[in-house]
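What follows is the residue order along each chain.
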Amino acid sequence: MSKDGRFGTRVALVTGAATGIGFEIARRIVEEGGSALLADIDGSRAAKAAARIGERAAGVAADVS
């Protein structure tokens, strides 16, 4: 499958996304054409992780417990 449009104009909210599996999920969504909002309890780490992914990603602080 082509990696340039699978997610089209969709935006995904990924929790626990500053590291690990959450980060990889967000990175893959952006890689496949979507945008990602990386949510993590540590907002600064989420923002840094989003910056590593690129312009179609943003990081925010969130406690979803």
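Details of the structure are given in the entry above.
Residues numbered from 1 in each chain as written. Predicted model: local features only at pLDDT ≥ 70, side-chain atom pairs only at ≥ 80, totals over all residues. Heavy atoms only, no water.

Focus: the overall build of the protein
This is how it is decided: Put simply, DSSP H or I for four residues or longer makes a helix, DSSP E for two residues or longer makes a strand, and each gets a number counted from the N terminus. With the radius of gyration taken over C-alpha atoms, the globule rule is written as 2.2 Å times the number of residues to the power 0.38. Relative accessibility decides the category of a residue: with a 1.4 Å probe and only protein chains considered, values under 20% of the type maximum give buried, values over 50% give exposed, and everything between is partly exposed. When checking whether two residues touch, look at their non-hydrogen atoms; a contact exists if any pair is within 4.5 Å. To measure how exposed things are, a 1.4 Å probe is used in the Shrake-Rupley method; for residues, cover is taken only from the protein chains shown. By the counting rule applied here, Lys and Arg register as positive and Asp and Glu as negative, while His and the ends of each chain are not counted. One atom stands in for each charge, and that atom is NZ of Lys, CZ of Arg, CG of Asp or CD of Glu.
Counting its secondary structure elements, the protein contains two helices and three strands. Along the protein, from the amino end to the carboxyl end, the secondary structure elements read β-α-β-α-β. A compact globule built from 65 residues would reach a C-alpha radius of gyration of about 11 Å, and the protein, at 11 Å, matches this within 12%. Considering the protein as a whole, with its 65 residues, one finds that 34% of them fall into the buried category. In the protein, the proportion of contacts linking residues at least 24 apart, taken out of those at least 6 apart, comes to 40%. Surface summary for the protein: the accessible area is close to 4,100 Å², and the carbon and sulfur share equals 54%. Averaging the positions of the 9 positive and the 8 negative side-chain charges in the protein gives two centres separated by 4 Å.

Concerning the pairing of strand E3 (residues 57-61)
Applied cut-off: Here the rule is simple: two strands pair whenever DSSP picks up at least two bridges between them. By the criterion used throughout, a crossover qualifies as right-handed when its path from the first strand across the helix to the second strand runs clockwise, the strands pointing away from the viewer.
Where strand E2 (residues 35-40) lies against E3, five bridges are found, and the strand directions are parallel. The residue of E3 that forms the bridge with Leu37 is Ala58. Remark: the E2/helix H2 (residues 43-53)/E3 crossover connection has right-handed handedness.

Considerations on the pairing of strand E1 (residues 11-15)
Residues of E1 alternate between two faces, with Ala12 and Val14 buried on one and Val11, Leu13 and Thr15 left unburied on the opposite face. Here E1 runs beside E2; their pairing, made up of five bridges, is parallel. Among the inter-strand pairings, Val11 is bridged to a residue of E2, identified as Ser35.

Focus: the sheet that holds E3
Which entries qualify depends on this criterion: Only the contacting stretch of a helix is used when fitting its axis, a line to C-alpha atoms as for every element, and angles between N-to-C directions run 0 to 180 degrees.
Strand order in the open sheet formed by three strands is E1-E2-E3, with parallel pairing between adjacent strands. Strands at the two margins of the open sheet, each flanked by one partner only, are E1 and E3. Between one strand axis and the next, the sheet turns by 20 degrees as a mean value, whatever way the strands run. Set on the sheet, H2 makes contact with E2 and E3; between it and E3 the angle comes to about 175 degrees.

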